[in-house]
Amino acid sequence: YVLQFAATVGLLVPERERLSLLEESLALARALQQPLVLLQVLPPYLTQLIALGGRARAEALLAEYSELIGESRQPGVRVRFLAVSALLATVRGEHETADRLHVEAHPIAHADGLLGPQFVWLTHRLSVAELREDPSLMGADGAVLAVRLGTTPSTGQYYAWYLTATGRVDEARAQLYA
């Protein structure tokens, strides 16, 4: 549990060390035949690979991820998969594909009123808007994101990104130094 928290939720370690922790978690999950752990660890692992220039490896693992999900009806699982797929499409420059995946993820994230899938979807949209340098991609969801991020102490850095993307740089600085 501590290994997974540090690597997936806590972001408590430098990027390369985080990648190593994620790889260790994946190896243990595979060795112990724990598919639910794989489903939890694969999204941040793939994201970390992409961030560190390992896009080809992330692309190769996407099929395994898709197979694990199967026909899962769990909204969090589906939204994370679509978010990772959209991220890969974005870094390949396939913006139409990424936008289509975004449209597909939206109703899944909001269908059951669960906050987890909604938060994943919203932060994904913010990340893509930042990556593409286009704040308009947040659209009407930007206001929802701002409320969610602005009221959760552990998400201050995301809120600062949002503020910066919407031209509120001084507020973003204040948020980061608060």
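Overview of the structure. (Residues numbered from 1 in each chain as written. Predicted model: local features only at pLDDT ≥ 70, side-chain atom pairs only at ≥ 80, totals over all residues. Heavy atoms only, no water.)

### Some remarks on the overall build of the chain
Here is step 1: If you tally the helices and strands in the chain, you get 10 helices and zero strands.
Here is step 2: Going from N to C terminus, the chain has its helices and strands arranged as α-α-α-α-α-α-α-α-α-α.
Here is step 3: C-alpha extents for the chain along the principal axes are approximately 50 × 35 × 30 Å.
Here is step 4: Within the span of the chain, comprising 178 residues, buried residues form 42% of the whole. (Helix = DSSP H or I, 4+ residues; strand = E, 2+ residues; numbered from the N terminus. Buried < 20%, exposed > 50% of the residue type's maximum accessible area, 1.4 Å probe, protein only.)

### Some thoughts on the environment of Glu24
Here is step 1: Relative to the elements of secondary structure, Glu24 occurs in helix H2 (residues 15-31).
Here is step 2: Glu24 sits in the partly exposed class, given a relative accessible area of 41%.
Here is step 3: Between the alpha carbons of Glu24 and Arg173 there is a distance of 36 Å; along the sequence they are 149 residues apart.

### Details of the packing of aromatic side chains
Here is step 1: Applying the stated rule across the entire model yields one aromatic pair.
Here is step 2: On the numbers, 5.1 Å between centres and 75 degrees between planes, the contact of Tyr65 with Phe81 is edge-to-face. In this pair, Tyr65 is assigned in helix H4 (residues 55-69) and Phe81 in helix H5 (residues 75-91), connecting sequence segments 16 residues apart.
Here is step 3: Taking the relative accessible area as the measure of exposure, Tyr65 reaches 1% and is therefore buried.
Here is step 4: The exposure class assigned to Phe81 is buried, which follows from its relative accessible area of 13%. (Phe/Tyr/Trp six-rings, centres within 6.5 Å; stacked < 30°, edge-to-face > 60°.)

### Here we look at unusual backbone geometry
Across the chain, the bulk of peptide bonds are trans and the bulk of non-glycine residues have phi less than zero.
Here is step 1: Unlike most non-glycine residues, Gln33 shows phi in positive territory, near 50 degrees.
Here is step 2: As for its placement among the helices and strands, Gln33 is situated in the loop between H2 and helix H3 (35-51).

### Quick look at the packing of helix H8 (residues 141-150) against helix H9 (residues 156-165)
Here is step 1: Look at H8 against H9: their axes get within 9 Å of each other, and the N-to-C directions meet at 145 degrees. Handedness of the crossing formed by H8 with H9: left-handed. Across from Gly142, Ala143, Leu145, Ala146, Leu149 and Gly150 in H8, the residues of H9 making contact are Tyr158, Tyr159 and Tyr162.
Here is step 2: When grouped by side-chain class, the residues that make up the contact of H8 with H9 number seven nonpolar, two polar and no charged. (Axes fitted to C-alpha atoms, helices over the stretch in contact; angles between N-to-C directions. Left-handed = near helix turned anticlockwise from the far one by under 90°. Contact = heavy atoms within 4.5 Å. Nonpolar A, V, L, I, M, F, W, Y, C, P; charged D, E, K, R; others polar.)

### Thoughts on the packing of helix H7 (residues 115-131) against H9
Here is step 1: For the pair H7 and H9, the least separation of the axes is 10 Å and the interaxial angle reads 45 degrees. The angle between H7 and H9 places the two elements in the oblique class. In the packing of H7 onto H9, the handedness of the crossing is left-handed. Residue-level inspection shows Phe119, Thr123, Leu126 and Glu130 of H7 in contact with H9, the latter providing Tyr158, Trp161, Tyr162 and Ala165.
Here is step 2: The residue inventory of the contact of H7 with H9, partitioned by class, reads six nonpolar, one polar and one charged. (Parallel < 35°, antiparallel > 145°, perpendicular 65-115°, else oblique.)

### A word on the nonpolar core
Across soluble globular proteins, nonpolar side chains show a tendency to be buried alongside one another.
Here is step 1: Counting 25 residues, the largest nonpolar core has Trp121, Leu126, Met138, Leu145, Tyr159 and Tyr162 as its most contacted members.
Here is step 2: When contributions to this core are tallied by element, the ones reaching two or more residues are H5, helix H6 (95-110), H7, H8 and H9.
Here is step 3: At six residues, the largest contribution of residues to this core is made by H7.
Here is step 4: Not counting residues within four places of it along the chain, the set of residues in contact with Leu126 comprises Met138, Leu145, Leu149, Tyr158, Trp161 and Tyr162. (Core = buried A, V, L, I, M, F, W, Y, C linked by side-chain atoms within 4.5 Å.)

### Some words on the side chain of Gln48
Here is step 1: Along the polypeptide, Gln48 turns up in helix H3.
Here is step 2: Here Gln48 falls in the buried class, since its relative accessible area comes to 6%.

Purely geometric numbers; function is a separate question.
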